[in-house]
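Next come the chains, spelled out residue by residue.
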Amino acid sequence: MLPANLRDEIDKVKAKYEARPWLGRGGEQIATSWHEAGACAGGRISAMVEAVAALTEANEAEAERIFLALSDIAPAAALHKSDGWSIASFAVPALFKAADGDVNLVLSLIDGLGKVVTAMAENGISASRTLQYGLPTLGEVTRGKSAQTCLDMATRLSQKGVDPGEVLRLVIRGLEPFFENNEALVTACQATEEFIAGAVDFGVAVSLPLATAIQNVGNASKGDGERYAHLLSLLHLLVDVVVAGDLDIYPTLEYGIKPACDFLGGLNGRLEKMLDVCFTIASNGLPVLSILRDMSHNVGVLTEEAWQCACKCLIELSAEGVDGSHVVNYGFQAISGHRPDWEEQLEHEAAELMRAARGMAQHGFTQRVGHNFRYGLPALTRVSAESEA
């Protein structure tokens, strides 16, 4: 026996869909199964019926299949007690939207919804954020198979104890370059799952900085799932060592990764090299934000010989505890091109730059290194070039 509030709601549903009586019966079926399971969806049964009505129109058989699937997830909904209304109000309409008219996909997504809310309950994760914000975002940005692939990733993360709510709300947009190729998306989701689970283990919150980094790596990968997975594996190593060294991880993710991806992502192997170099530098206890942010712009476009020389300088200086970011960011920019034979003198001038950086660091002029290399050296090279002319 349904309580009075549910009975009133079902009566209204039946009156509204009098011309399609199977919709009223379906609503009553959902209400009964959810009530008996202990799931709370009072006042929102009508939202699920409306979604089914819009999708199936006059197809009674398809509607009945969906009503049965929605009834079957009642035990999963009951695991979250009062959050049943969020499933009805937010999650179900979002998944219907993502299915884009495919009834079979709707059935699969409803089953996936039951799995993800069950996994969250089993791992002590509140479902509210996922149901009210995460899954609606999934409905906005994915269509077809991509929705199923991303929902499966959310389930696996839940099984690992990671709250998938912010992953779906923030991170899922970073996977858009792969939505047209589900095989690449599967690879990207697996890599994203491993990266996020690892970052959470390191104590990094699933937040805007992490999502920003993932999105920029996705953009740089240009739909190549294998490259995306490789770049995330390099970023995973970098996150690990930055956190272990008590360096600033959130600014590095939010403000460092974007320029590196923007300026180096399209240059053969340079983004991968940059992440590898930064791993070495951070392993030596030095911050990498300025290197990612500035070097990518100033030095990333130099010739291959100059690029390799710059990376070598960074690593050598970091091994001595000297922050070489200003030497490379501004020093190489200043010496490059100021005279026709500058590349012939590259090794010598790079050595001089490093010697200057070491000397200033040894004498305690650390705070002045950036100022001198940013403003002084470009002026000096201009004067030198003018005198030689």
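Everything numeric in this text was worked out from a predicted model, so none of it was measured.

Participant: Where do I start with the packing of aromatic side chains in this structure?
Facilitator: Two aromatic rings are characterised by how far apart their centres lie and by the angle between their planes. On inspection of all chains with the given rule, the structure shows two aromatic pairs. Relative to F90, the ring of W85 has its centre 5.7 Å away and its plane inclined at 65°; by these criteria the two rings are edge-to-face. For W85, a relative accessible area of 34% gives the class partly exposed. Overall, the relative accessible area of 30% leaves F90 in the partly exposed class.

Participant: Hey, could you run me through helix α2 (residues 21-37) in this one?
Facilitator: The α-helix advances 3.6 residues per turn, and as a result positions three or four apart in sequence lie on the same side. In a regular helix each residue adds 1.5 Å, so 17 residues correspond to 24 Å; α2 covers 25 Å between its end C-alpha atoms and thus fits that length. Buried residues of α2: W22, L23, G24, G26, G27, I30, A31, S33 and W34, and no others. Buried residues in α2 make contact with α1 (4-16), α3 (45-56), α4 (60-72), α5 (74-78) and α6 (84-99). In the segment just after α2, G38 is the residue with positive phi, at about 90°.

Participant: Please clarify how the state of the cysteines should be interpreted in this entry.
Facilitator: Covalent bonding between the sulfur atoms of two cysteines is what defines a disulfide. Scanning the model with the defined rule gives zero disulfides in all. Among the cysteines around C309, which has no disulfide bond, C313 carries the closest sulfur, lying 4.4 Å off. Taking relative accessible area as the criterion, C309 reaches 5% and is therefore assigned buried. Distance from the sulfur of C311, which forms no disulfide, to the nearest cysteine sulfur (C278) is 8.8 Å. Look at C311 and you get buried, because its relative accessible area is 2%.

Participant: Before we go on, may I ask you to explain the pattern of salt bridges in this structure?
Facilitator: In this structure the tally under the stated criterion is 17 salt bridges. Close ionic contact of D262 with K258 constitutes a salt bridge, the shortest N to O distance being 3.0 Å. Of the two residues, D262 and K258 both sit in helix α14 (residues 249-264), four residues apart, roughly one turn of that helix. For the salt bridge of E320 with R358, the shortest nitrogen-to-oxygen distance reads 2.6 Å. One end of the pair, E320, is in the loop between α17 (304-319) and α18 (325-335); the other, R358, is in helix α19 (residues 346-362), with 38 residues separating them in the sequence. According to the relative accessible area criterion, E320 is partly exposed, its value standing at 44%. Linked by salt bridges that have partners in common, R7, D11, K14 and E28 make up one network.

Participant: Can you walk me through helix α11 (residues 182-201) in this structure?
Facilitator: With 20 residues, α11 extends 28 Å between its outermost C-alpha atoms, agreeing within 8% with the 28 Å of an ideal straight helix rising 1.5 Å per residue. The backbone nitrogen of E183 lies 3.1 Å from a side-chain oxygen of the residue at the head of α11, namely N181. Where α11 terminates, the next one or two residues include G203, which has phi positive at roughly 95°.

Participant: So what exactly am I meant to see when it comes to the confidence of the model for the protein chain here?
Facilitator: Detailed reading of predicted coordinates is not advised where the pLDDT is low. In the predicted model, the protein chain carries a mean pLDDT of 88, and 90% of its residues have values of at least 70. In the predicted structure, residues 379-388 sits below a pLDDT of 50 and forms five contacts with residues beyond four places in sequence or in another chain.

Participant: Got a minute to help me understand the packing of α3 against α6 in this structure?
Facilitator: What describes two packed helices is the angle between their axes and the distance between those same axes. Where α3 contacts α6, the axes come no closer than 9 Å and their chain directions differ by 15°. Classified by the interaxial angle, the pair formed by α3 and α6 is roughly parallel. Seen along the crossing, α3 lies across α6 with a hand that is right-handed. Touching A47, M48, A51, V52 and L55 of α3 are A88, V92 and F96, all from α6. Class assignment of the residues belonging to the contact of α3 with α6 gives a composition of eight nonpolar, no polar and no charged.

Participant: What am I meant to see in the environment of I257 here?
Facilitator: Within the fold, I257 resides in helix α14. Counting along the chain gives 36 residues from I257 to R293, while the straight-line C-alpha distance between them is 7.3 Å.

Participant: Looking at this structure, I do not really get unusual backbone geometry. What am I missing?
Facilitator: Backbone geometry follows two general trends: most residues other than glycine have a negative phi, and most peptide bonds adopt the trans configuration. Look at E57: it is not a glycine, yet its phi comes out positive at around 50°. Counting through the fold element by element, E57 comes out in the loop between α3 and α4. The exposed category is assigned to E57, whose relative accessible area is 54%. Here the phi dihedral of K222 falls at roughly 55°; this positive angle occurs in a residue that is not glycine. With respect to the helices, strands and loops of the structure, K222 is situated in the loop between α12 (208-221) and α13 (225-244).

Definitions and cut-offs
Residues numbered from 1 in each chain as written. Predicted model: local features only at pLDDT ≥ 70, side-chain atom pairs only at ≥ 80, totals over all residues. Heavy atoms only, no water. Phe/Tyr/Trp six-rings, centres within 6.5 Å; stacked < 30°, edge-to-face > 60°. Buried < 20%, exposed > 50% of the residue type's maximum accessible area, 1.4 Å probe, protein only. Helix = DSSP H or I, 4+ residues; strand = E, 2+ residues; numbered from the N terminus. Expected span 1.5 Å × (residues − 1). Contact = heavy atoms within 4.5 Å. Disulfide = S-S within 2.5 Å. Salt bridge = Lys/Arg side-chain N within 4 Å of Asp/Glu carboxyl O. Polar contact = N/O pair within 3.5 Å; in protein donor to acceptor, adjacent residues only side chain to side chain. pLDDT = per-residue confidence, 0-100. Axes fitted to C-alpha atoms, helices over the stretch in contact; angles between N-to-C directions. Parallel < 35°, antiparallel > 145°, perpendicular 65-115°, else oblique. Left-handed = near helix turned anticlockwise from the far one by under 90°. Nonpolar A, V, L, I, M, F, W, Y, C, P; charged D, E, K, R; others polar.

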